[in-house]
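Observations on the model geometry
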There are 4 protein chains.
Amino acid sequence: MSTFEQFEQHESNIRSYCRSFPVVFNQARGAELISREGKVWIDFLAGAGTLNYGHNHPVLKQALIDYIQNDGITHGLDMYTDAKEKFLETLHRVILKPRGLGEHVAQFCGPTGTNAVEAALKLARKVTGRSNVISFTNGFHGCSLGALAATGNQHHRGAAGVAMAEISRMPYANYYGDNVNTIAMIDKLLSDPSSGVDIPAAVIVEVVQGEGGLNTASAEWMRKLEKLCRKHDMLLIVDDIQAGCGRTGSFFSFEGMGIKPDIITLSKSLSGYGLPFAMVLLRRELDQWEPGEHNGTFRGNNHAFITAAAAIEHFWTSDEFAKSVQAKGKLIKERMQKIVRKHGPDSLFVKGRGMMVGINCPNGELAGAICKEAFANGLVIETSGNHSQVVKCLCPLIISEEQIDKAMTILDAAFAKVMAQDVNSAAS
Amino acid sequence: MSTFEQFEQHESNIRSYCRSFPVVFNQARGAELISREGKVWIDFLAGAGTLNYGHNHPVLKQALIDYIQNDGITHGLDMYTDAKEKFLETLHRVILKPRGLGEHVAQFCGPTGTNAVEAALKLARKVTGRSNVISFTNGFHGCSLGALAATGNQHHRGAAGVAMAEISRMPYANYYGDNVNTIAMIDKLLSDPSSGVDIPAAVIVEVVQGEGGLNTASAEWMRKLEKLCRKHDMLLIVDDIQAGCGRTGSFFSFEGMGIKPDIITLSKSLSGYGLPFAMVLLRRELDQWEPGEHNGTFRGNNHAFITAAAAIEHFWTSDEFAKSVQAKGKLIKERMQKIVRKHGPDSLFVKGRGMMVGINCPNGELAGAICKEAFANGLVIETSGNHSQVVKCLCPLIISEEQIDKAMTILDAAFAKVMAQDVNSAAS
Amino acid sequence: MSTFEQFEQHESNIRSYCRSFPVVFNQARGAELISREGKVWIDFLAGAGTLNYGHNHPVLKQALIDYIQNDGITHGLDMYTDAKEKFLETLHRVILKPRGLGEHVAQFCGPTGTNAVEAALKLARKVTGRSNVISFTNGFHGCSLGALAATGNQHHRGAAGVAMAEISRMPYANYYGDNVNTIAMIDKLLSDPSSGVDIPAAVIVEVVQGEGGLNTASAEWMRKLEKLCRKHDMLLIVDDIQAGCGRTGSFFSFEGMGIKPDIITLSKSLSGYGLPFAMVLLRRELDQWEPGEHNGTFRGNNHAFITAAAAIEHFWTSDEFAKSVQAKGKLIKERMQKIVRKHGPDSLFVKGRGMMVGINCPNGELAGAICKEAFANGLVIETSGNHSQVVKCLCPLIISEEQIDKAMTILDAAFAKVMAQDVNSAAS
Amino acid sequence: MSTFEQFEQHESNIRSYCRSFPVVFNQARGAELISREGKVWIDFLAGAGTLNYGHNHPVLKQALIDYIQNDGITHGLDMYTDAKEKFLETLHRVILKPRGLGEHVAQFCGPTGTNAVEAALKLARKVTGRSNVISFTNGFHGCSLGALAATGNQHHRGAAGVAMAEISRMPYANYYGDNVNTIAMIDKLLSDPSSGVDIPAAVIVEVVQGEGGLNTASAEWMRKLEKLCRKHDMLLIVDDIQAGCGRTGSFFSFEGMGIKPDIITLSKSLSGYGLPFAMVLLRRELDQWEPGEHNGTFRGNNHAFITAAAAIEHFWTSDEFAKSVQAKGKLIKERMQKIVRKHGPDSLFVKGRGMMVGINCPNGELAGAICKEAFANGLVIETSGNHSQVVKCLCPLIISEEQIDKAMTILDAAFAKVMAQDVNSAAS
């Protein structure tokens, strides 16, 4: 009898991560995942960016247990609850107001990133009366049909089974190289009444493309994009689902860039505890929703309100946490650059921002082999990118320097082993 | 300062249920919701069918707290976990196998009903190579774009902002009256090569239409529908998101009807505790998914695996619970029929099945006024239906007979008061 | 060398009618087609309804030759020409004004029926601001993508290669039998805010469905449909491309029914001479087109203006022609009923209106065999209908009684021969 | 009473060219248009490229009159006729075979350019099983819905009223300047599995963009495009509706470029006489059409077969005509360059190829004013381009040098007058 019999017999073939990490996990703490047999892995995947504060953070855990213990509302549709009120107040006080977003209101859509994107696109279309939306090469925004239209990945798009209209695909920052101004290209298309690109309701953009391979937009590019939005009267939607909640060294990925998005989508690490939760932040003037127009059973997950409020209170009332993220990001980047210099200065390079960095390999097979080797030695790590060629570090932001050191040592060895094999196999 | 200041200032206008029930709740137990001020309401809404086992059921609560306490995996993407294995095993043993669905496998999609529908439609289109899908008048399947195409409600559809193609809308059972065979109508269209209705990949249907106003399909109609699917080589998708998990007196709403759906969507009460959770059950032969083809961060909510497995174990290993639901459903229906006879034998009538029943009023204003009056007297209850004309009972299945009695007394009084006003206002 | 070598080698496989009538024609007069070898056929196809006034009618022919001889404008885009002015004046004076359509204006779109439908649908969507359009089972409106969406035929639809959205398919008059009120069905759907049928911009309908198999709508049904349009604020588009220009015994197929369509499409016999020509007639208040918004090189075919004006002047200034059509229609119907009584009173029946009538056979194979036999004996005739089961008479309206007699004798013999074979083959 | 009363009262507001040229024409010969009052204009519009052989060319005229006189088939659906056979034979012998296109077969679709594009796109999608199609900025392919999706012009697109999906818009040759390789850009998108651009069935391209403003693709760019099509297994569709039939100095606009399109669309000047006519040429291997799959009443206009065959025979059996077109194109270009040097060397420039050339003005107002002034002095000429900024010469190819001289003198004077006013108004 296989260890994985229940899964293999009763779960659909669509399961995926379990194929890269063939072990049954049963506990997790901070930056560590623990298997049923008690083996420990350092977690450099962190729920694909969902566990910025680590697994089962004790402060959040206590708040959640207390809430459950006390029979707090678990499910209340979108009724008013203590938990929601506390979250709204905390969010506004600690996050939004200090960042100049005090006039943005929160929409609690279904508790997934794709649902937040669906809601954001609907609202943009409603408010502007236009249908077309610009999204970018290598962008990832979700797999439900409205969001999937904006997603670039062919593997996911191919499963749609129907046409996905009203998206104009544009080249992301540096898509055509560092010297090509992709904003100017878009501007030309939008300024040309016979370009064939209908004036969009909105632009949806990730400041760092997580699934797309850690491509980054500069502050300058983002400012130009915002200016373009103003010029053509389009809304600027920042999809901060993976890059937000501290991942890049600030709560939002666009902080310090001098822009103010009209709409922001958040999910993944928003609950702080890995609980399903998502939110759309929108400028008050755009709040033209009618009650219940975009609906769903699980909008407003109260357990998540509790842990999210606790996380914001715990991590974001001072700038200490942000600074530690920046420092650790720097440390990881340095370690990665060392790996690059050592194992492939000509074929490898480091990509990304903050604690959302990775090493670009010549191809996906190599990157996959490296992750496999790392897993065998105690490190859970995955690839991203259009050819799955980027070994991506998404470790919890609360990881210790010791754990980083240990993980980077495993990674170094994995690169050493796999790159050597690759050279040998190329030579043979 | 308003009691609701935080909500009114920082939450989007899209919030809806809180407008019907303007109070801040902070605790809930079984069939009761408790406000911050300690006032208690009987809950006849139950998270729109999400809390079949009541609020914070002690058995589930203990299992969840134990799991959290022990640092069980909260978020693990779709990796193998103890919690998932236990759920899969329990589901198969207690639910699927005894019901002849032992060959169905589970797909853990994003933790919302709409995501389960998106996944089901994608799979049907992939497997059949066709695009069109039949959905029914008054059907509700979710608000993300793929599911929204199948949803009938114009309030939600109007927010799409783009065309939603590849759905053929067909009349539900008895839509044109009890004597019109709507299956024969559909058969005529599908058998006619110039009807303009392209042969569909699938039919998606609710056995009881929850949002649509408690319209029910008979066993005979469902059997005819299944036969129609076989004749035209279409897949039969039963959306059991609201009517499933015991609501109609059996785990699935279609049990005992002599049919075997190709695909079943479940969500709402599946976790048993109000946690976001959804699942697609599909015949093993249809499992042509490639790994990760339909994706999402929160597919496989481990907290939900824990409570769902506990709920299945607790409630479904014997037929006692099902029988009690049937008995309570009968009781509620009788009480409702009494209300009808008393307050409007000509204008009111009872609709629905099991513990998914309601009273149809002449119009939505009246039904809304009745719910408002009931709320003022300690009962949370809502309307449904195409004109919001059905006062709908979706109370927890674990409700006591005393609570039912109390609720029905409140409802009786509300009908008395509002119907009297209505007569007066009509007379004046 | 095959007689058809040039065609078989250099023309696409898509050619179709030539397969039913494998002969090279080179002349035609009135109701007769003449092959290169001088063999004569009576033409009961008449360009699928394009040659209501027969082939090369001498009056029209002379007008056209004079115009060409005199170097009249052949192609002038949509510039003002003498020929267009004369057509507009004649159309208004002889056709529109006397029929209470004096306020309708003419749009000269591309010279094909499908283009007229494209224009009509665009205008309806523009004027109402809505996208959805109702079209009917078995309706045929053309094969360009906008019109094809409204067309029912799967053979044509299957070639689209992309989704065709924003059409709601409804049952035509008597689609579900004589006792089912399909207008009431549509009304129920449109009055139900969660039916899933979005309120349409327009309804597009044929009063007699030519390609669909000579299905007819009664005056009562058309009046109800018009009323439904007014109730739900939809435009009524009558597609009179095949049934118009006298085919049913009056210029428009809806005359005498007490309705006034908002938009009328005409083509086929409009030029009177078989020249490409099409027109959209629209109520002046709906004329919200901006100059050139719907475009095309051949809108306004001046040769067609000349023959169309001559045809209108020649045939429609008195009611003599219309009466002769009615009389001939009656005669053909009687002859057909005789055939039915003789060869298959239980399996055959007569369908249609005016000179747009046919005999419904049990299946398409039989109907095809009858047409083939008739062709072998000097009659060009084709099938129509969802199963190609209707032997359809679309002879020129100017046909003589002698020619009708001759054709019906051929048809009678064809039925005799084929029905006998069919009985034999069924018996063996 | 206005001269234009009949038009103003009875024709839709959509009429457009008549607004630029407010006169009623009634005769035309060669390169001249003659008004009802006998005033003569040189025609530099030529039916927007439909009258390459001039108005009412005597050879074609005689052939047409003879055919009509002799009761040749006018309308025969797609039945075999003498006229069609002759056309097919002539086309193959004189045009296709000598140009290496002897294996291409002809599809006679509806007699308009937009219908040819609809057919071409359907076929490409059918053959490849893919839906997406690449079309280019500033491309114009027609106004029926399938073709309109590929058209860039917002004025036309805005009238669609529904979404037009499955087109990826790409930058045409030199769209981003002479130094930007737009083919490389497209290749990058198609080679990137998460670019979001689904692999297309085909590319549709004009070698010279007529409506788009006389933008030209070089032979090198076209060769790269063909190579790109082969690399990604896409079909190459050349839309030669405006640039074909000799306009650029060879029968097809792509001759001598070293490419062989899979599919070619022709219309406009194909009949040679201004008659509605269109054709799709397709590689025999792609001829996977089923009989009648793409349908239409006027496919195969026999009058047009006659004039088209006569035109091919008359103009294309030697290379004399092509050489004269090249010479005249050179002459016109030189005269235009003289105008540019004289009136605005900094603000004006010449665009285009062969006898499809024009002067680019700083803006559409200026270009419009110049055309208006030219019209007042005896020259019919129009603008094109995304801002209507190009004064475009599309005179008949058979125009005499004297007429060119006369026209260019009028144009010179118009530039002189309008440019002077413009300078004055800018100065004031």
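Residues numbered from 1 in each chain as written. Chains lettered and ligands numbered in written order. Predicted model: local features only at pLDDT ≥ 70, side-chain atom pairs only at ≥ 80, totals over all residues. Heavy atoms only, no water.

1. So, the packing of helix α4 (residues 58-69) of chain B against helix α11 (residues 302-316) of chain B
Residues and elements named next belong to chain B. For the pair α4 and α11, the least separation of the axes is 9 Å and the interaxial angle reads 145°. Note that α4 runs across α11; the crossing there is right-handed. Residues Val59, Leu60, Ala63, Leu64, Tyr67 and Ile68 of α4 form the contact with α11, whose participating residues are Asn302, His303, Ile306, Thr307, Ala310, Ala311 and His314. Classifying every residue of the contact of α4 with α11 by side-chain character gives 9 nonpolar, 4 polar and no charged. (Axes fitted to C-alpha atoms, helices over the stretch in contact; angles between N-to-C directions. Helix = DSSP H or I, 4+ residues; strand = E, 2+ residues; numbered from the N terminus. Left-handed = near helix turned anticlockwise from the far one by under 90°. Contact = heavy atoms within 4.5 Å. Nonpolar A, V, L, I, M, F, W, Y, C, P; charged D, E, K, R; others polar.)

2. A word on unusual backbone geometry
Residues and elements named next belong to chain D. Even without being glycine, alanine 48 reaches a positive phi, approximately 50°. With a relative accessible area of 5%, alanine 48 lands in the buried category. Non-glycine residue leucine 214 carries a positive phi angle of around 65°. Turning to its location among the elements, leucine 214 is positioned in the loop between β8 (208-209) and β9 (215-216). (Buried < 20%, exposed > 50% of the residue type's maximum accessible area, 1.4 Å probe, protein only.)

3. Overview of the pairing of strand β10 (residues 235-239) of chain B
Residues and elements named next belong to chain B. Of all 5 residues making up β10, 5 are buried, and the element is well covered by its neighbours. Of the two faces of β10, both are covered, the one formed by Leu235, Ile237 and Asp239 as well as the one formed by Leu236 and Val238. Here strand β7 (residues 202-205) runs beside β10; their pairing, made up of 4 bridges, is parallel. What sits directly across from valine 203, in β10, is leucine 236. In terms of strand pairing, β10 meets strand β11 (residues 263-266) through 3 bridges, oriented parallel. (Pairing = 2+ DSSP bridges.)

4. A word on helix α5 (residues 82-96) of chain D
Residues separated by three or four positions in an α-helix point in the same direction, a consequence of the helix having 3.6 residues per turn. If you check α5 of chain D, its first and last C-alpha atoms are 20 Å apart, about what 15 residues at 1.5 Å a residue would give, namely 21 Å. The buried count for α5 of chain D comes to 11 of 15 residues, which makes it a mostly enclosed element. Turning to α5 of chain D, its buried residues number three or more, namely Ala83, Lys84, Glu85, Phe87, Leu88, Thr90, Leu91, His92, Val94, Ile95 and Leu96 of chain D. Packing partners of the buried residues in α5 of chain D comprise α1 (5-10) of chain C together with α4 (58-69), β4 (104-107), β12 (279-283) and α11 (302-316) of chain D. (Expected span 1.5 Å × (residues − 1).)

5. Observations concerning the relation of the copies chain B and chain C
Expressed as a screw operation, the relation of chain B to chain C combines 0.0 Å of axial shift with a rotation of 180°, fitting to an RMSD of 0.0 Å. Both chain copies can therefore be described as sitting about a two-fold axis. Residues of chain B ranked by C-alpha distance from the rotation axis are headed by alanine 165 of chain B, positioned 2.5 Å from it. In this assembly the copies share their binding face: 100% of the residues contributing to the interface of chain B also contribute to that of chain C. (Least-squares fit on C-alpha atoms with pLDDT ≥ 70 in both.)

6. Considerations on the sheet that holds strand β17 (residues 390-393) of chain A
Residues and elements named next belong to chain A. Read across the open sheet, the 4 strands follow the order β13-β14-β17-β16; overall the sheet is antiparallel. Both outer strands of the open sheet, β13 (349-353) and β16 (382-384), are each paired with one neighbouring strand and no more. With strand direction ignored, the average angle separating the axes of adjacent strands in the sheet is 35°. In terms of strand pairing, β16 meets β17 through 3 bridges, oriented antiparallel.

7. Focus on the packing of aromatic side chains
In this structure the tally under the stated criterion is 88 aromatic pairs over all chains. With centroids separated by 5.3 Å and ring planes inclined at 90°, the aromatic side chains of tryptophan 316 of chain C and phenylalanine 321 of chain C adopt a geometry described as edge-to-face. For phenylalanine 321 of chain C, a relative accessible area of 9% gives the class buried. Of the aromatic side chains, those joined through ring pairs into one cluster are Tyr53, Phe251, Phe252, Phe254, Phe315, Trp316 and Phe321 of chain A. Sitting over the ring of tyrosine 175 of chain B, lysine 188 of chain C keeps its end group 4.5 Å from the ring centre. (Phe/Tyr/Trp six-rings, centres within 6.5 Å; stacked < 30°, edge-to-face > 60°. Lys NZ or Arg CZ within 6 Å of the ring centre and 35° of its normal.)

8. Section: the environment of valine 59 of chain D
Residue and element names in this part refer to chain D. Looking at the element boundaries, valine 59 is found in helix α4. On the accessibility criterion, valine 59 (35% relative accessible area) is partly exposed. With 252 residues separating them in the primary sequence, valine 59 and alanine 311 have C-alpha atoms 8.0 Å apart.

9. Topic: the interface of chain B and chain C
If you look at the interface, chain B gives 25 residues, while chain C gives 25 residues. Carbon and sulfur atoms make up 52% of the area that chain B and chain C hide from each other, which totals about 2300 Å². Our enumeration of links across chain B and chain C arrives at 2 salt bridges. Our enumeration of links across chain B and chain C arrives at 14 residue pairs in polar contact (both at pLDDT 80 or more). Counting only elements with at least two residues in the side of chain B that touches chain C, the list comes to α8 (154-157) and α9 (182-191) of chain B. Residue contributions to the side of chain B that touches chain C peak at 4 residues, all from α9 of chain B. Split into classes, the residues belonging to the side of chain B that touches chain C amount to 8 nonpolar, 11 polar and 6 charged. (Buried area = accessible area lost by both parts, 1.4 Å probe. Salt bridge = Lys/Arg side-chain N within 4 Å of Asp/Glu carboxyl O. Polar contact = N/O pair within 3.5 Å; in protein donor to acceptor, adjacent residues only side chain to side chain.)

10. So, the interface of chain C and chain D
In this assembly, 100 residues from chain C lie in contact with 100 residues from chain D. Both faces combined, the contact of chain C with chain D buries some 9600 Å², and carbon together with sulfur accounts for 59% of it. Taken together, chain C and chain D are joined by 10 salt bridges. Notably, a salt bridge pairs arginine 36 of chain D with aspartate 82 of chain C, separated by 2.7 Å at the nearest N-O pair. At the junction of chain C with chain D, the criterion picks out 66 residue pairs in polar contact (both at pLDDT 80 or more). Broken down by element, the residue count for the side of chain C that touches chain D peaks at 6 residues, all from helix α5 (residues 82-96) of chain C.

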